Amino acid sequence: MSVLSSTVMPWEADPPHLQPSKGYLRVRRVNRAIMETWFREISTVDVDTLPEEGGIIYTAWHPGGLIDPLLMMAALPGGLTFAAKSTLFKIPVLSRIMKWIDVQPVEREQDGVASPEERKKANSKLIDTLAELVANGERIAIFPEGLSHTESYAVELKTGAARILLEAHRRAVEAGKPTPNIVPIGLHYSDQHSFRERVSLQINRPLEAPPLPQAEGAPQPSEDELNQHGEQAHDRAWCNEVTSLLQTEINRTSHAQESWEDRELVWRARRMIHTIRSGENVSKISYDEAVLGSRRVRAAWQYFSVNDPERTEEIETKFKEHHTEMERIQLRSWELQDRRKKISKKAFVKNLALWLWSASWMLGFVTWSAMIATGVPYLFVRFFVSMKASKQENKAGIGSMKLLYSIGLYPIWWLFCAITLGWFIASASSPLQDVNLPGFILPVLAAIPWMLVSVILLFWWPVSARLHLKLYQRLSKSWKNLRLWFKLRSGQIEWESLIQAHQALAMEMASIGNGLILPGDPDWQEPPAGKDDWEMVQFRPSKG
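Keep in mind the model is a prediction, meaning the values are calculated, not measured.

1. Re empty space enclosed by the protein
At step 1: Inspection of the entire model under this criterion finds two cavities of 30 Å³ or more.
At step 2: Computed from the structure, the largest cavity encloses a volume of approximately 50 Å³.
At step 3: The wall of the largest cavity is formed by His255, Gln257, Arg263, Val266, Trp267, Ser294 and Arg298.
At step 4: Within the residue set of the lining of the largest cavity, elements represented by two or more residues are helix H8 (260-278) and helix H9 (287-307).

See the structure below:
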């Protein structure tokens, strides 16, 4: 397994035969900077397993709006061609950027901008264009659901990806070129709509498609379908079968659950199991390792939900009750380790010193700069996003709106503030020149040419905002540790009984996977197309 993290490693290099255009490289360079700012951790798993020959159709579920294609463009090597809803091309700046990177428009029925005949003709042309690219070894990205959403699973897929694959396969065979591949991508966000969260992009094996239409073993249409569509019925049956297989694959790679509550329970169980197995020193793991852990829990849990439902229902009830209590006292699994160390005088002094150090820097210098740099655009972004979200039933684009408005408003505000304050501080004609400026920094800046001061401030605004985030994170963590210190020493928490209940439940949760062959194990067999992970779970043969 290959793991790429943007915080410690460079982005994956482009293949020699898939060098993007200069326009694409420029846009991607800016995009990568945006993604590295938006997320605090980005990991790309198994990028080295991509097929070396043949075009690729990347497919993924679509929970993050505009963030999904931006992330895929930043992380996946080689130039990508995207398909996007036609209404996006009406946004002036975005439209120009999409044309630079050759985004192809999709005419959707719900957009109502074209008649059914016009829409059918435009989308048929789109299928031909994308199929030709894939047949020639290029790579494209498709979101087969057709829309972004807030469900905890992939909604019903459209057949567009399968139609492109079929047409590309036929053209590649006719031209004597390697056959194309369709590769499902797992997008895993800790929270796609919030700033400085984490994301893991998991590359999966190519989908195993059935034999081509009318070949031996190919999907067969019904009599009614043959009567209605003639020879085209064979193509339609094949595309429907591939779409069905792809639906299962995308749900599997996305760790689909019936609800977001169920997804959260899987992640909580994963954290609990990791904590109990780490012993006294709970190790910190990367986000891609956490995603694999949740996949293991999900596979084992669903396996026993089918084969031993009474046991899983009993454990789930106890698990929910325990975590309700943990939420009430505001404790997490990893905070239940080593109480003595947490209530020591050394821990108190350390957290108090860290809190005072962070607060002094924030209140003394950094936060004031960050408030100037972010206050006004932050309020505007919040207002615009809330106004837009209130008019839309689909809330999946909230993160996209935040990102778009931020990209547009923040640089404009920084430029305005840099020029205005630079002139006020250092210009010879500024009324502040006759005032004794307080502190050390302002008098120094006042002695510099005002245009240079403006340039310094222009760079300082985003730096101060980022420093503020880091300091605020340390401030919050140290304050939380101080509150925990007082809570533990006051006797408000029945520590021993809570520990015993937590450990007993954690051991019971961990025992579910004991003796099972699960994802990530050396002897794990990846499920074939159309099957989920739990269907491949087996008991490990006993030795002797």
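Next comes the rest of the account.
2. A look at the confidence of the model for the protein
At step 1: Looking at the protein as a whole, the pLDDT averages 87, with 94% of positions reaching at least 70.
At step 2: Across the protein, strand S3 (residues 56-60) holds the top mean pLDDT of 97, while strand S1 (residues 3-5) sits lowest at 45.

3. Notes on unusual backbone geometry
At step 1: Of note, the phi angle at Asp46 is positive, near 65 degrees, even though the residue is not glycine.
At step 2: Of note, Asp46 is situated in the loop between strand S2 (39-45) and S3.
At step 3: Of note, the phi angle at Asp102 is positive, near 65 degrees, even though the residue is not glycine.
At step 4: As for its placement among the helices and strands, Asp102 is situated in the loop between helix H3 (92-100) and strand S5 (104-106).
At step 5: A relative accessible area of 39% means that Asp102 is categorised as partly exposed.

4. Quick word on the environment of Trp357
At step 1: Relative to the helices and strands, Trp357 resides in helix H12 (residues 345-390).
At step 2: Separated by 283 residues in the primary sequence, Trp357 and Ala74 have C-alpha atoms spaced 36 Å apart.
At step 3: The contacts of Trp357, once residues within four sequence positions are left out, are Leu471 and Arg474.

5. Structural notes on the environment of Ala233
At step 1: Here Ala233 shows up in helix H7 (residues 232-253).
At step 2: Aside from chain neighbours lying at most four places away, what touches Ala233 is Pro221, Glu225 and Leu226.

6. Here we look at the packing of helix H10 (residues 309-328) against helix H16 (residues 495-512)
At step 1: For the pair H10 and H16, interaxial distance at closest approach is 11 Å and the crossing angle is 145 degrees. The way H10 lies across H16 gives a crossing that is left-handed. Side by side, H10 and H16 meet where Arg311, Ile315, Lys318, Phe319, His322 and Met326 of the first sit next to Leu498, Ala501, His502, Leu505, Glu508, Met509, Ser511 and Ile512 of the second.
At step 2: When grouped by side-chain class, the residues that make up the contact of H10 with H16 number eight nonpolar, three polar and three charged.

7. So, helix H4 (residues 116-135)
At step 1: The terminal C-alpha atoms of H4, which comprises 20 residues, lie 28 Å apart, in line with the 28 Å expected from a rise of 1.5 Å per residue.
At step 2: Taken as a whole, H4 has its buried residues at Arg119, Asn123, Leu126, Ile127, Leu130, Ala131, Val134 and Ala135. The arc enclosing the buried residues of H4, seen along the axis, measures out at 155 degrees, which places them on a common side. Residues of H4 that are exposed and point more than 90 degrees away from the buried face comprise Glu117, Glu118, Lys121 and Lys125.
At step 3: Turning to H4, the residues buried within the fold contact S3, strand S4 (80-85), S5, strand S6 (139-142) and helix H5 (160-174).
At step 4: A positive phi of about 95 degrees marks Gly137, the residue just after H4.

8. Focus: the pattern of salt bridges
At step 1: Inspection of every chain in the model, using the stated rule, returns 23 salt bridges.
At step 2: Between Arg252 and Asp533 there is a salt bridge; the shortest N-O distance is 3.3 Å. One end of the pair, Arg252, is in helix H7; the other, Asp533, is in the loop between strand S9 (516-517) and strand S10 (538-539), and 281 residues separate them in sequence.
At step 3: Its salt-bridge partner being Glu526, residue Arg295 comes within 3.0 Å of it at the nearest N-O pair. Here the residue Arg295 occupies a position in helix H9, and Glu526 occupies one in the loop between S9 and S10, the gap between them amounting to 231 residues.

9. Focus: the nonpolar core
At step 1: Tyr58, Met72, Ile164, Ile185, Leu187 and Leu201 are the most contacted members of the largest nonpolar core, which has 65 residues in total.
At step 2: If you look at the next biggest cluster of nonpolar residues, it comprises 24 residues, including Ala269, Ile273, Phe319 and Trp524.

10. So, a nonpolar patch on the surface
At step 1: On the surface, a nonpolar cluster with roughly 620 Å² of combined accessible area is contributed by Leu415, Ile419, Leu452, Val455, Ile456, Leu458 and Phe459.
At step 2: With five residues, the single largest contributor to the nonpolar patch is helix H15 (residues 450-490).
At step 3: The residue Leu452 is located in helix H15 in this model.
At step 4: Among the residues examined, Leu452 registers a relative accessible area of 44% and is labelled partly exposed.

11. With respect to the packing of aromatic side chains
At step 1: A full pass over the atoms with the stated rule returns 18 aromatic pairs.
At step 2: Taken together, a centroid distance of 5.3 Å and an interplanar angle of 80 degrees make the contact between Tyr303 and Phe304 edge-to-face. Judged on exposure class, the residue Tyr303 and its partner Phe304 are both buried.
At step 3: What links up through ring pairs into an aromatic cluster is the set Phe380, Phe383, Phe384 and Tyr405.
At step 4: A cation over a ring is seen here: Arg311 above Phe304, with NZ or CZ 5.1 Å from the ring centre.

12. Thoughts on the pairing of S4
At step 1: Pairing geometry for S4 and S6, over three bridges, is parallel. Within the sheet, the bridge partner assigned to Thr81 lies in S6 and is Ile140.
At step 2: Where S4 meets S5, three bridges bridge the pair, whose relative direction is parallel. Bridge pairing links Ala83 to Gln104 in S5.
At step 3: Since S4 and S5 lie parallel, the crossover through H3 that links them has a hand, and here it is right-handed.

13. Brief notes about a positive patch on the surface
At step 1: A grouping of Arg40, Lys284, Lys346, Lys350 and Lys477 is seen on the molecular surface, where their side chains present a positively charged patch.
At step 2: Of note, Lys346 is situated in helix H12.

What counts, and where the lines are drawn
Residues numbered from 1 in each chain as written. Predicted model: local features only at pLDDT ≥ 70, side-chain atom pairs only at ≥ 80, totals over all residues. Heavy atoms only, no water. 1 Å grid on protein atoms, 1.4 Å probe; cavity = no way out; pocket = protein on both sides within 12 Å on 5 of 7 lines; lining within 4 Å. Points joined across faces, edges and corners; volume = space filled by probe spheres on them. Helix = DSSP H or I, 4+ residues; strand = E, 2+ residues; numbered from the N terminus. pLDDT = per-residue confidence, 0-100. Buried < 20%, exposed > 50% of the residue type's maximum accessible area, 1.4 Å probe, protein only. Contact = heavy atoms within 4.5 Å. Axes fitted to C-alpha atoms, helices over the stretch in contact; angles between N-to-C directions. Left-handed = near helix turned anticlockwise from the far one by under 90°. Nonpolar A, V, L, I, M, F, W, Y, C, P; charged D, E, K, R; others polar. Expected span 1.5 Å × (residues − 1). Arc of directions from axis to C-beta. Salt bridge = Lys/Arg side-chain N within 4 Å of Asp/Glu carboxyl O. Core = buried A, V, L, I, M, F, W, Y, C linked by side-chain atoms within 4.5 Å. Patch = residues over 30% accessible without salt bridge, like charges linked within 9 Å, V, L, I, M, F, W, Y side chains within 5 Å. Areas by Shrake-Rupley, 256 points an atom, 1.4 Å probe, with all protein chains shown as cover. Phe/Tyr/Trp six-rings, centres within 6.5 Å; stacked < 30°, edge-to-face > 60°. Lys NZ or Arg CZ within 6 Å of the ring centre and 35° of its normal. Pairing = 2+ DSSP bridges. Right-handed = clockwise from strand over helix to strand, strands pointing away. Lys, Arg positive; Asp, Glu negative; His and termini not counted. Charge placed at Lys NZ, Arg CZ, Asp CG, Glu CD.

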